[in-house]
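# Topology and contacts: notes
One letter stands for each residue in the lines below.
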Amino acid sequence: MTISTPNARHLLATTRRSSSRFMLGLASVVMLTACANQQPAQTQPIAAQDQELFAHHYIESMPSTDWNRVEYIRSLEAQGQSLEAIALLKPMAVTHPEASYELARIYDDATGVPRDPAMAAHYYRQAVPYEFSGLDNASLKLGRLYRAGDGVKKDPALAWNLFQQAIAHDDNPSARIEIAEMQLAGEGVTRDVDGARRQLEQAAAQNEPRALQALAENYAPGGAFDSNPSQSRAYAERYAQVMTPRAKSGDVGAMLALSRVYAEDGPLPQPARQQQWLIRAADSGDPQALAAAGHLLVMHQDPAQGLDMLRRAAESGNVDAAYWLGQAYLGQDQIEPNPGLAEKWLSDAAEQGQLDAARTLGQAYVTGDILPPDHQRGIALLKRAAQHDDAYALALLGNLYLEGDRLRAQPRQGIEYLERAHELGHPYATARLGQAYLEGEGTPADPQRGVSLLTEAADQDQSGAARTLGIAYLDGEEVQRDPARAQRWLHRAVEQDPDDTTAKTRLGQGILEGKLPGRGQQGAGLLEQAADQGDAYAMVVLGRAYRDGVGVPPDLNRAERWLQRAARAGHPSAEQALARTYRASGEQGNIDDLIRAARMGQVPAMADLGRAYLGGQGVRADYASAKKWLLHAADEGHPGATASLGRMYADGLGVGVDKARAANYFERAIAAGHVGAEADLGKMLLTGDGVTADPRRGIRLLTRAANAGHGSAGVTLGEAYLNGTGVAADPAKGVRYLEHAAQRGDDNAQRVLGQAYLEGNGVGQDSAQAIEWLSRASDNGNVSAKAALGAAYLEGQGGIAQDVARGRQLLTTAADTGHAGAEAALGRAYLSGEVLPRDTHKGARLLVDAARQGHRSARVSLAQAYLQARGVEFVDQQQAMIWLDGVMESDSETAIRTLQDLLEDTDVADAAGETT
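If you're wondering where the values come from, they're calculated on a predicted model, not measured in any experiment. (Residues numbered from 1 in each chain as written. Predicted model: local features only at pLDDT ≥ 70, side-chain atom pairs only at ≥ 80, totals over all residues. Heavy atoms only, no water.)

Our next topic: the overall build of the chain. Counting its secondary structure elements, the chain contains 50 helices and zero strands. Across the 916 residues of the chain, 50% fall into the buried class. Sequence-distant contacts in the chain: of pairs separated by 6 or more residues, those separated by 24 or more amount to 47%. Counting every atom, the chain has about 40900 Å² of accessible surface; 46% of that belongs to carbon and sulfur. (Helix = DSSP H or I, 4+ residues; strand = E, 2+ residues; numbered from the N terminus. Buried < 20%, exposed > 50% of the residue type's maximum accessible area, 1.4 Å probe, protein only. Contact = heavy atoms within 4.5 Å. Areas by Shrake-Rupley, 256 points an atom, 1.4 Å probe, with all protein chains shown as cover.)

Our focus in this paragraph is the packing of aromatic side chains. What the rule picks out here adds up to seven aromatic pairs. Pairing Y101 with Y124 gives two aromatic rings, centres 6.1 Å apart and planes at 40 degrees, and the pair type is tilted. Of this pair, Y101 sits in helix α5 (residues 97-109) while Y124 is found in helix α6 (residues 117-127), placing the two residues 23 residues apart along the sequence. By relative accessible area, which is 11% here, Y101 ends up buried. Taking 6.0 Å as the distance between ring centres and 5 degrees as the angle between the ring planes, the aromatic pair formed by Y219 and Y235 counts as stacked. Note that Y219 is positioned in helix α11 (residues 209-219) and Y235 in helix α12 (residues 229-248), a separation of 16 residues in sequence. Using a relative accessible area of 11% as the deciding quantity, one classes Y235 as buried. Taken together through their ring pairs, the aromatic side chains of Y219, F225 and Y235 make up a single cluster. Seen from the ring of F225, R197 lies directly overhead, with NZ or CZ sitting 5.1 Å from the centre. Stacked on the ring of W345, the Lys or Arg K344 has its end atom at 4.2 Å from the ring centre. (Phe/Tyr/Trp six-rings, centres within 6.5 Å; stacked < 30°, edge-to-face > 60°. Lys NZ or Arg CZ within 6 Å of the ring centre and 35° of its normal.)

What follows deals with the confidence of the model for the chain. Within the chain, residue pLDDT values average 86, and 89% of them lie at 70 or more. When pLDDT is averaged over each helix and strand of the chain, the minimum, 29, is found for helix α1 (residues 6-20) and the maximum, 96, for helix α7 (residues 135-148). (pLDDT = per-residue confidence, 0-100.)

Turning our attention to the packing of helix α25 (residues 463-475) against helix α26 (residues 483-496). Packing of α25 against α26 brings their axes to within 7 Å, and their N-to-C directions diverge by 155 degrees. As the angle between them shows, α25 and α26 are arranged roughly antiparallel. As α25 runs across α26, the sense of the crossing is left-handed. Touching S463, A466, R467, L469, G470, I471, Y473 and L474 of α25 are P483, R485, A486, W489, L490, R492, A493 and Q496, all from α26. Of the residues that constitute the contact of α25 with α26, the class distribution is ten nonpolar, three polar and three charged. (Axes fitted to C-alpha atoms, helices over the stretch in contact; angles between N-to-C directions. Parallel < 35°, antiparallel > 145°, perpendicular 65-115°, else oblique. Left-handed = near helix turned anticlockwise from the far one by under 90°. Nonpolar A, V, L, I, M, F, W, Y, C, P; charged D, E, K, R; others polar.)

Take α12 next. With 20 residues, α12 ought to run about 28 Å at 1.5 Å a step, and its terminal C-alpha atoms sit 28 Å apart, in line with that. What α12 keeps buried is the set S232, Y235, A236, Y239, A240, V242, M243, T244 and A247. Contacts from the buried residues of α12 go to α10 (193-204), α11, α13 (252-261) and α14 (271-283). Positioned one or two residues after α12, G250 has a phi angle of 105 degrees, which is positive. (Expected span 1.5 Å × (residues − 1).)

Time to look at α26. An ideal rise of 1.5 Å per residue puts 20 Å on 14 residues; α26 measures up with 20 Å between its terminal C-alpha atoms. Regarding α26, the residues found buried are A486, Q487, W489, L490, A493 and V494. In the core, the buried residues of α26 are packed alongside α24 (447-458), α25 and α27 (501-512).

The next subject is the pattern of salt bridges. All chains considered together, the criterion is met by 45 salt bridges. D390 is the partner of R359 in a salt bridge, and the nearest nitrogen-oxygen pair spans 3.2 Å. Of this pair, R359 sits in helix α19 (residues 355-367) while D390 sits in the loop between α20 (375-387) and α21 (391-403); the two residues are 31 residues apart in sequence, bridging distant segments of the chain. A salt bridge links D608 to R583; its shortest N-O distance comes to 2.6 Å. Here the residue D608 occupies a position in helix α33 (residues 603-615), and R583 occupies one in helix α31 (residues 574-587), the gap between them amounting to 25 residues. Within this structure, R144, R147, E178, E181, E187 and R210 form a network of salt bridges that share partners. (Salt bridge = Lys/Arg side-chain N within 4 Å of Asp/Glu carboxyl O.)

A word on the side chain of R176. Checked against the element boundaries, R176 lands in helix α9 (residues 173-185). At 2.7 Å, the side chain of R176 and the side chain of Q199 are in polar contact. (Polar contact = N/O pair within 3.5 Å; in protein donor to acceptor, adjacent residues only side chain to side chain.)

Tracing the backbone through its elements, the reader meets Q199 in helix α10. For Q199, a relative accessible area of 14% gives the class buried. When neighbours within four sequence positions are excluded, Q199 is seen to be in contact with I167, R176, I179, A180 and Q183.

Moving on, we get to the environment of D320. Note on placement: D320 falls in helix α17 (residues 319-328). Counting along the chain gives 26 residues from D320 to L346, while the straight-line C-alpha distance between them is 9.8 Å. With near-sequence residues (within four places) excluded, D320 lies in contact with Q288 and Q354. In this structure the side chain of D320 is engaged in a polar contact, spanning 3.1 Å, whose partner is the side chain of Q354.

Right, let's talk about unusual backbone geometry for a bit. Here H56, not a glycine, exhibits a phi torsion of approximately 55 degrees, which is positive. Checked against the element boundaries, H56 lands in the loop between α2 (27-31) and α3 (64-78). Unusually for a residue other than glycine, D389 sits at a positive phi of about 60 degrees. Note on placement: D389 falls in the loop between α20 and α21.

Right, let's get into the environment of A577. Looking at where A577 falls in the secondary structure, it is placed in helix α31. Overall, the relative accessible area of 4% leaves A577 in the buried class. Along the primary structure A577 and Q602 are separated by 25 residues, whereas in three dimensions their C-alpha atoms are 9.1 Å apart. Not counting residues up to four positions away in its chain, the partners in contact with A577 are R544, R547 and L563.

This is the structure we're talking about:
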């Protein structure tokens, strides 16, 4: 405590004389204690020139005449005659630390003179090396100047030691609060929450209002201490009890303090009381009260009234009001941005030396969101604040120079600014510097230091640092992947800042995708929270998850809703993800969604839609539409669409047959790695089908496709080696290719292999193998296999026991699908009457249907019948074929009936029924 009378001061000095005379130097700070239960003071290393501040030189107390002189000087000061008081104090300051302290206080508090913190620091430094009654207050006030960098270079270590000296000298409660604040923020010292709590509780024991307020805040949810709402409220009530008498006596600061206690987000929310104290404070007319009241009203209850109060205070010269007013007009809270007024008031405050205003205005010029961009002026203002060790300005400059977003990147300078801001204890700078070292941004990568800095920042409640650490451990790029740490840091980021949607999204995504432990619904819940807070990427992740069934059951409707929200929110990948969702719906048979996806430009959907129109899958076959969508997809480089166009031209589907053009499309698809195109072009080159034959390349392409698992290529190769088509015959090799494809379920390979065993082509004739493979092919839907097996049973071919009923059933089933071979075989059987009852009408109809499809043996049978009817046997078969073509090309039912009537003649039917 401070001694107020000369006699008491003399007594204190006399009592201490014997124990203090030898206690010189910094070490004495550690030993001094103010009371029996006080812990030894903890010092921080300081510069040599500052050690004298802790010398505790003994000095004789001022005589009573000098004390009377000091009292007179104080009366002059109270009367507003501060210059006269200063003139009288300066000679006394040479020998009396009390006079030095009085001088420092006048300059510090701006009592009748402009505030001059540098001069205040000078006189405080003159006073504190001496043992005098005001040592605790002098140390406290000088420590505050060094802590803030106010008039002196910022020096947290020196400030810490000065606060410890104030505690040691007279258990100064305000010094304990300063110490606690530094411990909580990790400001120049290791963060120590328990130590801060002890300091605050000791200060609160003396009913120090700031300590009571700090304890209420830190025991509240989200505070630095373990949440204890009842204890928080108890401290808040004690704080209100201390401040209420002061406020009632006219203390404007106490009125404002009570308004904060009773605010809606305060520890004792009572809006009516808050309004009462705010109005009483503003009614005093005190500019600082107007400024504080206006600031609170702007942020909470009545922005219009708050702006008016701030304007009145600013016009009265209150620099803080000018700053708050300018900040409000940048669009703070619900206030409409007003660039002109924001610039005016921030400029006024900055010109008066308000560093927050200079920094805020500089940042506004650089970002150019509200004010017109003026990078040069913005950087100049930020540098002005940085010259006064404004840590936030240093951090902003560091980030700007590091990223080079709105000015030329200067990474080295960016790192230097961030290092300075970090040394001054700014948590954002520590976090940003940690990220730079982690990722090697502007400096050689140093993951170990990066993690250390980010951890330090996260411990200071920088949620961005916790998020960066979580993502780093999740992705495992800069540090080794560690799901447990990733989850812990991401959880911490979300707890520190529930609005950190990036952390929430990455945490939810990690759980959903199984990269982090947790249930899928938990991950989806986090993503939904982030999405509802406006995070468009969370919407995209949810949409994809429901589309693909990742961590949640597949639900295309939900996927569509989330992706539509993401698209409305402007996420760049939402449209493509939505198109993929429509395509997935299209794959499940919703042709409308497939069309929607194609129209949105989803290339695979264009290809799918083209193939759907080509094959009539889910939509009426439409070769023109098929060509249009396949061309769109092919022009975008889709190899499957390009190959499908090749098949259209190869087979003449909706276009004229153009083998050369087909080959060109196949070449383009092959260049893009399409295996099916290799099989198609290989087959054409093998036999020279519409292109110059190149069997060697054909075999090479077919071999490549077959080895990649393309069944059709294996069949073509197998048949080629079996029959020596375009390559030296190698039946064993042919069978290997066919068996390989057949075993993998290719029904055509199964058919060819079955026929090979049926006919003994390249293998020994084996009826059991023939039946097995033809049956498997038939069961897999191969109609040609069904026809071949039916014919074998009907005639008893290839060693297969004749089974007329089964043969007729298989052939009839195949013929009912329009299979020309089955129609021809069945038609001849009915005409011949050897294995089936003769039915010339049915036989004629089947044979004509087969011939109309171009079936060669059916056409030959009919030609033979025509010749037989005219008594000519194979003498003029060409003439018969010409006659047959004329009949086949006619749509006249009369012409078809003519053929049927012709076959009613038994001899003619016998001729047509002969196997050709």
